[in-house]
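Breakdown of the fold
The lines below spell out each chain.
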Amino acid sequence: MRLFIFCLLFLPLLITAQREEFSQFNVAVTVQQDGTLNVNEDISVISSGKVIKRGITRALPRGPIGDDVDKMERFDYDIQSVSRDGSSEDYHTKNEGDSKVVYFGSKDRRLDPGPHRYGLTYDAPKQIYFFDDREEVRWTLAGIDTRLPIRAASLTLTVPGGMNVLGTVCYTGSFGSTEQACEMVKNGNQITYTLSRQLAEGEGMIIAAVFPTGSFVKPAPPPPPTALQKSGTKYISFIGMLIALMYGYRTWQIHGIDPPTPEVGPQFTAPRGLSAASMHYLNSYMPSQTQLTASLTDLAIKGYLKIDEEERSGLFSTSEIFVLRPLQKDPETHQDLAPEQIALYNHLRNMGDIDLDGEYDKRLAKATEAHNKSLKEQHADYLKEGGNGWKVLPYGLIMLATVVGAAIFLNHAENLGIVLFIFAVTLLIVGTPLYAWLIRKPSEDKVKLWAEIKAMKQYLKLSEKERRGISGAPEMTEEYFQSVLPYAIALGIENNWALDLQSDLAGTLNNDRSRHSMHMYPFMMPGFGSKMNTAYGAVSSPPSSSGGSAGGGSVGGGGGSGGW
């Protein structure tokens, strides 16, 4: 019974003792005649390792306080010393949002739980708010971004001797609050503000003191901008863009005009014996999911794997998924596979049944990487021919120098200068890759290859009646259908094409069922390529990370006063 009564009486105290908080937050601010504030903060905390893991954070606002300030320079702070429990402490600072945040401690060292006492000394220049009828000192002891409760706090403001204080005020609470839960005592040239209640997480404390006009030395206004400062952005942007455009146009005329496209007749089969993936890669200059789907289709056609579409039952519904079933064949002994298909099959052959159910599979990601790497190794040299990449560097340097030079005078730029600067940035960011594309001069052989690929795509897009009207067009048999299906998938036209060919194949498939390749059935369905692109891409691409730390004053959590 005694133990029960003891626990009942002291358990709340034990819980409170473990709560992380600022137990004391005492600040001494000395105001200099030139508007510099010398600040000494004495901060006591109780740490349990939940929020305060390595040390505390202190957010110092860089923007002015209040909505009545028209124009004022952003504040800066000069850190003089940082200490913990009487000894010098490691620290670093970051500009986060509208605050300069001081991180006490080291990322490589954990803080022992329990009470700790921190010290922070710094100077804050140009802190006086100058108005027509008064001058003010405003200071944030704790902002509303504070992520730990504050049990007790005080601020002592020391002003130059003999200076008249017209009034003073202290605000506490959450955003927009006009509560004044603090006591203010004036003693000589010192004003002490003492918090009269605890502050919860997200509540702050701000003080202000009002002085007669002329109490402080007002900084001299900056001199008016010179003609160069006002017009520098405009002229540098204009001249730089003019030089870059003249260079780009002249070099394009000499090095970038493509050879004429030759006349190419109907293309019934793959140009130059290229695989479907290689054909598309040479036409697009980059790997894609359609290339890999075309390779999977070709592997299935040639008997290296089966692709089935199966129905799977879930808790509340059913869904259809593709299942890849590799067959055990040695691709090294067969000459009917392209190099990228061999690379893909070598990764798939020992994986067993592969469900394309939307769950990320690291093995398929590696298979995709091997497939794409093979395509790049096969065709890198051919694609580099006529790239003229060396011509892009001067253009990029001209525009980079233009933007950097124009940005120097941007603070004083007139409207026209700002508009021209935006155009210059656009020419740097968008114009450079556009010029790199325009300056490419493909060889006559490459232009002919593109024409052959285009001719094959145009033929596969024809309707049944149009195909039969072309002299020499092959009969649409199941064998021909399967031979060109991967190319239609790679070119992204298999949907309409499969629908058009159903009538062509109807007689062949219905009259000769013995010739059916049953594992080919999904390929006969319109929309197979796009469905396979989606299904395979979902399981071969790693899920994107989202979110991150938020709140709590932890690392990356918004930079408020608290812990990290």
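Before any of the text, the structure's been laid out above.
Quick caveat: nothing in here was measured; it's all calculated off a predicted structure.

Remarks on the nonpolar core
Counting 52 residues, the largest nonpolar core has W139, L155, L157, Y193 and M205 as its most contacted members. Top contributing element to this core by residue count: strand β1 (residues 21-31), with five residues. Formed by 51 residues, the second largest nonpolar core is a distinct cluster that contains M279, L348, Y487 and I493.

Description of the state of the cysteines
Here the structure, examined in full by the defined rule, presents one disulfide. With a sulfur-sulfur separation of 2.1 Å, C170 is cross-linked through a disulfide to C182. Of this pair, C170 sits in strand β12 (residues 167-173) while C182 sits in strand β13 (residues 182-187), and the two are twelve residues apart along the sequence. Take C170 and C182: they sit in the same class, and that class is buried.

Considerations on the pairing of β1
As judged from the ten bridges shared by β1 and strand β2 (residues 37-47), these two strands associate in the antiparallel manner. Note that in β2 the partner of V29 across the bridge is V39. Linkage of β1 to β2, two consecutive antiparallel strands, is achieved through a turn of five residues, within which G35 is found at a positive phi near 95°. Where β1 lies against strand β11 (residues 153-158), six bridges are found, and the strand directions are parallel. In the strand pairing of β11, F25 is matched with A153.

Some details on the layout of surface pockets
The calculated volume of the largest pocket comes to roughly 920 Å³. For the lining of the largest pocket, the elements supplying multiple residues, two or more each, are β3 (56-61), β10 (135-142), β12 and β15 (204-211). The element that contributes the greatest number of residues to the lining of the largest pocket is β15, accounting for five residues. Broken down by class, the residue content of the lining of the largest pocket amounts to 14 nonpolar, twelve polar and six charged. Estimated volume of the second largest pocket: approximately 680 Å³. Looking at the second largest pocket, it is lined by 19 residues, and the ones nearest its centre are K71, M72, E73, F130 and P219. Of the residues contributing to the lining of the second largest pocket, the split by class is ten nonpolar, two polar and seven charged.

Points about unusual backbone geometry
Here the phi dihedral of D85 falls at roughly 50°; this positive angle occurs in a residue that is not glycine. Looking at where D85 falls in the secondary structure, it is placed in the loop between β4 (78-84) and β5 (87-88). Of note in the backbone geometry, K126 takes a positive phi value of approximately 55° without being a glycine.

Quick word on the pattern of salt bridges
Pairing is possible between side chains that carry opposite charge, provided their charged atoms lie close to one another. Across all of its chains, the model carries 22 salt bridges by this definition. We note a salt bridge from K302 to D298, for which the minimum N-O separation is 3.2 Å. Judged by its relative accessible area of 27%, K302 falls in the partly exposed class. When its relative accessible area of 10% is taken as the criterion, D298 is described as buried. Taken together, the shared-partner salt bridges connect R84, D85, E89, D90 and R109 into one network.

Procedures and definitions
Residues numbered from 1 in each chain as written. Predicted model: local features only at pLDDT ≥ 70, side-chain atom pairs only at ≥ 80, totals over all residues. Heavy atoms only, no water. Core = buried A, V, L, I, M, F, W, Y, C linked by side-chain atoms within 4.5 Å. Buried < 20%, exposed > 50% of the residue type's maximum accessible area, 1.4 Å probe, protein only. Helix = DSSP H or I, 4+ residues; strand = E, 2+ residues; numbered from the N terminus. Disulfide = S-S within 2.5 Å. Pairing = 2+ DSSP bridges. 1 Å grid on protein atoms, 1.4 Å probe; cavity = no way out; pocket = protein on both sides within 12 Å on 5 of 7 lines; lining within 4 Å. Points joined across faces, edges and corners; volume = space filled by probe spheres on them. Nonpolar A, V, L, I, M, F, W, Y, C, P; charged D, E, K, R; others polar. Salt bridge = Lys/Arg side-chain N within 4 Å of Asp/Glu carboxyl O.

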